[in-house]
Amino acid sequence: MTRRGAGDFLSPHPVVAFIGPFGTGKTEIAISYSLASLAAGRETCLVDLDVVTPYFRVGDYREALAREGLQVIAAPGALASFENPALPPEIGEAIEQREMHTVLDVGGDVRGAQLLGAYAHQIASGQYDLLMAVNPFRPDPSGHGLAEQRRLIEELTGLRLTGLVANPHLGSLTERSHIESGWQQVSAAAESLGLRVAFFAAAEELAGGVPEVGVPVLLMGLRVRLPWEAGTGRAEGK
Amino acid sequence: MTSIPRGTRILMRGNEAVAQAAIDAGCRAFFGYPITPQNQVPDYFARHMPEVGGVFLQAESEVAAINMVYGAAAAGTRVMTASSSPGISLKQEGISYLAQSELPCVVLNIMRGGSGLGNIAPAQADYFQSVKGGGHGDYRTLVLAPWSVQELYNLTREAFDIADRYRNPVLILGDALLGQMMEPITIPEEVVDPARLPRKTWATDGAKDRPRNIINSLYIEEPQLEKVNLRIDARYEEAARKEVRVAEEHLEGARLAVVAYGTAARVAVTAIEEARSGGMRVGLLRPIALYPFPSDEIASLADRVDAILVAELSLGQLVEDVRLVVAGRCPVHLLGRSGGVVITPADMVEALRGLAGEDRG
């Protein structure tokens, strides 16, 4: 799943949270990251903290991921389709288990950050990574720039952003040139924000197109598929 | 002009593309009320209408919103509302009034599972409501059914021109998948400046130095009401000649045809490609306009193929109109799912294999 130093994109801290606007690829990143952590022999738990828009979420893939041995915590049953925070108490317990790697997929852009803020005191009592996924080909519908997003996220969560995840892509039309120009934009943004790029995330099928970027690369087997896309793991749409 | 990158491919969510398209078409008023799965539409308007000096207003209800649309349309403004199935039901009275008052507007329905409150998953069960009137009276809505984020943008933009041309509400019919999914899209450079649109001489926008205009749907005298209705009906006849839109895939030499729109048509393309790789001669006819209905195109298709499979995320609505125009020329079968369950490509391949087997037998 990785190259150039397998596992070196894995956070050494007990908690890692992925945040960023809808469509930057957080859910794909969180799933692939969690599976890589599991494959590296670390006890890992993936938490669906996306309650703002009840579509294309980690919880949708819970059963398939459980078959691969990954523990997923998400709102149960019918509550998963609600747009209000129906959050199981296991989330807080997972965050406090320091020996386990807890991965949080925080959806719903800065509004999702408010929810993450509810767990901030538990997260901040240990060490953590809070990483913002960035896709330069996905304009933030809120119109906020990255600096403003960072300010809002940090203000609303009370946590520090510790890095970016570069995930430049144009869905099914992604070409090598997009990855290259996208990387330039993300690394420039990281520099201006004074943040590191924690890792580069790219779809497995684009592995050959990922340039030498000087940061670890997470190759993702894409899970979030539309019903008409071949290889869908979902027998039926939700 | 809004701050979105133009002339270059970006990723956009379907609901956002609709709102951007409306602004680019010169729409300067949006009235709505929240409901999943279309909430990104009002959200986008709320953020971006102020950039172009337009009005975004969250009304106290769907009924209030559609009547605000009536007011803005009467004043000559390009105006839009959006909702999802139950909310669109609430708007039907207002849509009837808009049609009878010969007022242009654009209405977006991001359909969800029904009937009743249903659920928030994708469905196409508002087909009858959309193409048969929905509200009371002798009116029609012109209905466009996009199948991608790019088409959501393109057709929404065009819908404002169509609405003005026929002085009638135009309905954009999407579903929870189309509204929520992200796809690459190119937003064109050029946008409509509403100040440069042809003047609406019928609008109630101030009668200084001209005779007053009246916008009304109440006609007490029977012959007078019939006269208005016949005038409106003549526009539907014109639309039936000029606004039929279909797309075809692999129909040349096909023995079987799928007829489907929107999300069901996307599933059909995957299924048809798989079936064709197995040697089956099958193609797709996709109505892009659902009203006016592509009657001639489907009748002529029925003359060329052995059977038609209608695929819809509803339990037998589109298939009724298809059977009506096929009129026994060939068998017409239904593959329908309901309640937010989406037809899978595997379901459709199996249905096609069944039809091909029947054909051989």
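Predicted model only: the values in this text are computed from it and were never measured.

Q: So what exactly am I meant to see when it comes to the overall build of chain B here?
A: What chain B contains, in helices and strands, is twelve helices and 14 strands. For chain B, the C-alpha radius of gyration of 21 Å lies close to 21 Å, the compact-globule estimate for 361 residues. Along the first, second and third principal axes, the C-alpha atoms of chain B reach 75 × 50 × 35 Å. Summarising the internal contacts of chain B: among those between residues at least 6 apart in sequence, 80% fall at separations of at least 24. About 14,000 Å² of surface is accessible on chain B, with carbon and sulfur atoms providing 49% of the total. Here chain B carries 36 positive and 44 negative side-chain charges, and the mean point of each set is 4 Å from the other.

Q: Can you walk me through the packing of helix α1 (residues 14–24) of chain B against helix α6 (residues 149–166) of chain B in this structure?
A: All names here are of chain B. Remark: α1 packs on α6, axes separated minimally by 8 Å, with the N-to-C direction vectors making an angle of 30 degrees. In this view, α1 runs roughly parallel relative to α6, as classed from their interaxial angle. Remark: the crossing between α1 and α6 carries right-handed chirality. Between α1 and α6, the contacting residues are G14, A17, V18, Q20, A21, A22 and D24 on the first element and V149, L152, Y153, T156, R157 and F160 on the second. Of the residues in the contact of α1 with α6, the class split is eight nonpolar, three polar and two charged.

Q: Hey, could you run me through the packing of aromatic side chains in this one?
A: The description of an aromatic ring pair rests on the distance of the ring centres and on the angle between the ring planes. Scanning the entire structure with this criterion turns up eleven aromatic pairs over all chains. Geometrically, the ring pair formed by A:Y33 and A:F199 is stacked, given 6.0 Å between the ring centres and 20 degrees between the ring planes. With A:Y33 in helix α1 (residues 26–39) and A:F199 in strand β8 (residues 197–203), the pair connects residues that are 166 residues apart, well separated along the chain. By the burial criterion, A:Y33 is buried, and A:F199 matches it. Ring pairing ties together the aromatic residues A:F9, A:F18, A:Y33 and A:F199, which thus form one cluster. Here B:R286 stacks its cationic end above the ring of B:W147, 3.8 Å away from the centre of that ring.

Q: Quick question: what am I supposed to make of the nonpolar core here?
A: Looking at soluble globular proteins, one finds that nonpolar side chains tend to be buried together. Residues and elements named next belong to chain B. Residues M80, V258, I308, V322 and M348 are the most contacted members of the largest nonpolar core, which totals 138 residues. With nine residues, the single largest contributor to this core is α6. Lining this core are residues from two domains, each supplying at least three of them: domain 1 (9–206 + 216–242) and domain 2 (246–360). Discounting residues that sit within four places of it in the chain, M348 has contacts with V258, A264, V267, A268, A271, L309, A311, L335 and I343.

Q: Just to check I follow, could you spell out the sheet that holds strand β11 (residues 282–287) of chain B for this structure?
A: Remark on secondary structure: sheet strands pair via backbone hydrogen bonds, oriented parallel or antiparallel. Residues and elements named next belong to chain B. With mixed pairing, the five strands of this open sheet are ordered in space as β9-β11-β10-β13-β14. Single-partner strands in this sheet number two, and they are β9 (246–249) and β14 (332–336). Sheet twist, expressed as the mean angle between neighbouring strand axes with direction ignored, is 20 degrees. Bridge count between strand β10 (residues 256–259) and strand β13 (residues 307–312): four bridges; the pairing is parallel. By the bridge assignment for β13, V258 is matched with L309.

Q: Would you explain the pairing of strand β2 (residues 29–32) of chain B in this entry?
A: Regular strands place side chains that alternate from one sheet face to the opposite one. Residue and element names in this part refer to chain B. Burial of the side chains of β2 extends over both faces: A29 and F31 are buried on one face and F30 and G32 on the other. The sheet contact formed by β2 and strand β4 (residues 79–83) spans two bridges and is parallel. What sits directly across from F30, in β4, is M80. Across four bridges, β2 lies against strand β3 (residues 55–58) in parallel orientation.

Q: Which parts of the structure should I look at to understand the side chain of B:S314?
A: All names here are of chain B. When you line up the elements, S314 lands in the loop between β13 and α11 (318–326). Within the local environment of S314, its side chain forms a polar contact with the side chain of E312, the two groups lying 2.5 Å apart. Residue contacts for S314: discarding those within four places in its chain leaves Q124, A125, G336 and R337.

Q: Hey, could you run me through the sheet that holds β4(B) in this one?
A: All names here are of chain B. Overall, mixed pairing links the seven strands, which are arranged β3-β2-β4-β5-β7-β6-β12 in an open sheet. Edge strands, defined here as strands with exactly one partner in the open sheet, are β3 and β12 (289–291). The mean inter-strand angle of the sheet, taken between neighbouring strand axes irrespective of direction, is 20 degrees.

Reading guide: rules and limits
Residues numbered from 1 in each chain as written. Chains lettered and ligands numbered in written order. Predicted model: local features only at pLDDT ≥ 70, side-chain atom pairs only at ≥ 80, totals over all residues. Heavy atoms only, no water. Helix = DSSP H or I, 4+ residues; strand = E, 2+ residues; numbered from the N terminus. Rg over C-alpha atoms; globule rule 2.2 N^0.38 Å. Contact = heavy atoms within 4.5 Å. Areas by Shrake-Rupley, 256 points an atom, 1.4 Å probe, with all protein chains shown as cover. Lys, Arg positive; Asp, Glu negative; His and termini not counted. Charge placed at Lys NZ, Arg CZ, Asp CG, Glu CD. Axes fitted to C-alpha atoms, helices over the stretch in contact; angles between N-to-C directions. Parallel < 35°, antiparallel > 145°, perpendicular 65-115°, else oblique. Left-handed = near helix turned anticlockwise from the far one by under 90°. Nonpolar A, V, L, I, M, F, W, Y, C, P; charged D, E, K, R; others polar. Phe/Tyr/Trp six-rings, centres within 6.5 Å; stacked < 30°, edge-to-face > 60°. Buried < 20%, exposed > 50% of the residue type's maximum accessible area, 1.4 Å probe, protein only. Lys NZ or Arg CZ within 6 Å of the ring centre and 35° of its normal. Core = buried A, V, L, I, M, F, W, Y, C linked by side-chain atoms within 4.5 Å. Domains from an automatic or database assignment. Pairing = 2+ DSSP bridges. Polar contact = N/O pair within 3.5 Å; in protein donor to acceptor, adjacent residues only side chain to side chain.

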